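Okay, here's what each chain looks like letter by letter:
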Amino acid sequence: MSTEMLKLYLTNEPAGEKRFRLTGRLPAKSASLEQVVDLADRGASHNDYYPAPIKGKEAPSTGLAFVSEPLDEPISVNGMFSGALNVTINKRDVDLGAVLYEVQPDGTLLQLSYYLGRASFADNMSHRSLLKPGEKTSIEIKRSLLVSRQLQAGSRLMLVVDVNLKPYHQINYGTGRDVSDESIADAKEPLEIAWHTDSYLEIPISR
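Residues numbered from 1 in each chain as written. Predicted model: local features only at pLDDT ≥ 70, side-chain atom pairs only at ≥ 80, totals over all residues. Heavy atoms only, no water.

Caption draft 1: Broad picture of the overall build of the protein chain. A count of helical and extended segments in the protein chain gives zero helices and 13 strands. For the protein chain, the sequential pattern of α-helices and β-strands runs β-β-β-β-β-β-β-β-β-β-β-β-β. Scaling as 2.2 N^0.38, a compact globule of 207 residues should have a C-alpha radius of gyration of about 17 Å, and the protein chain matches this with 17 Å. By its C-alpha atoms, the protein chain is 50 × 35 × 35 Å across when sized along the principal axes. Across the 207 residues of the protein chain, 50% fall into the buried class. Looking at the protein chain alone, contacts between residues at least 24 apart form 79% of all its contacts between residues at least 6 apart. Put simply, the protein chain shows about 10000 Å² of open surface, and 49% of that area lies on carbon and sulfur atoms. (Helix = DSSP H or I, 4+ residues; strand = E, 2+ residues; numbered from the N terminus. Rg over C-alpha atoms; globule rule 2.2 N^0.38 Å. Buried < 20%, exposed > 50% of the residue type's maximum accessible area, 1.4 Å probe, protein only. Contact = heavy atoms within 4.5 Å. Areas by Shrake-Rupley, 256 points an atom, 1.4 Å probe, with all protein chains shown as cover.)

Pasting the structure below:
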């Protein structure tokens, strides 16, 4: 469906209010962006991934947003985006989301695809591998939704990463026990996550 892969890296370089640059070059210096999530906060809602509306959604109020430079030519995004989220957390597991948008020249958001996954099952869906608190881990992005969309010149790509915390989702409190056996009593200290700038995504495109 595509002829090449567009590889983009997360950075800690500001690109407007509450946004950071998404660039084709690996950042020269290793860095990270910090996020703290109170898993005991029943009023919180993180990871606005559900594609409704597909076009015209408000910019997410939580998570971290990374945006590319405007496209200098039209491209077609055809297939499933992939990549790796390199993170350090203070717990043994976490549920992560990554949402890919087209930012149209007038600023309108159009959702292209999303990934939602449990870190401990990222490598092998049939075998759980827990994370080590305080140790950098690479979470592979795969099994995102397939998309076929032509982006116009002047549009930009935006990736929003966040911890998954929704009122209608099972909450992963990160103890390492079976998540079905966890409860709000396991929330205790907030989840602290560092998103590292060698994280990247690969987008299948045709020019």
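Caption draft 2: Region of the structure containing the side chain of N90. Checked against the element boundaries, N90 lands in the loop between β6 (82-89) and β7 (95-103). From its side chain, N90 meets the backbone nitrogen of E192 in a polar contact 2.9 Å long. Once residues within four sequence positions are removed from consideration, N90 is found in contact with P133, G134, E189, P190, L191 and E192. (Polar contact = N/O pair within 3.5 Å; in protein donor to acceptor, adjacent residues only side chain to side chain.)

Caption draft 3: Looking closely at the pairing of strand β4 (residues 64-67). Alternating residues of β4 divide into L64 and F66 and A65 and V67, and every residue in both groups is buried. Relative to β4, strand β2 (residues 19-23) runs parallel, the two being bridged by three bridges. If you follow F20 over to β4, its bridge partner there is F66. In this structure, β4 lies alongside strand β11 (residues 156-163), joined through four bridges in antiparallel fashion. Each bridged residue has a counterpart across the sheet, and for V67 the counterpart in β11 is M158. (Pairing = 2+ DSSP bridges.)

Caption draft 4: Region of the structure containing the layout of surface pockets. Taken as a whole, the largest pocket spans an internal volume of roughly 240 Å³. Considering the residues around the largest pocket, the lining is formed by 16 residues, among which L8, S68, E69, P70 and L71 are closest to the centre. Listed by contribution, the elements that provide at least two residues to the lining of the largest pocket are β1 (4-14) and β2. Of the residues forming the lining of the largest pocket, the biggest block, three residues, is contributed by β2. Here the lining of the largest pocket is built from residues that sort into eight nonpolar, three polar and five charged. Here the second largest pocket defines a volume of roughly 200 Å³. Forming the walls of the second largest pocket are 13 residues, and the residues nearest its centre are E17, K18, P60, G63 and A65. Going through the elements one at a time, β2, β4 and β11 are the ones with two or more residues in the lining of the second largest pocket. Grouping the constituent residues of the lining of the second largest pocket by class yields seven nonpolar, three polar and three charged. (1 Å grid on protein atoms, 1.4 Å probe; cavity = no way out; pocket = protein on both sides within 12 Å on 5 of 7 lines; lining within 4 Å. Points joined across faces, edges and corners; volume = space filled by probe spheres on them. Nonpolar A, V, L, I, M, F, W, Y, C, P; charged D, E, K, R; others polar.)

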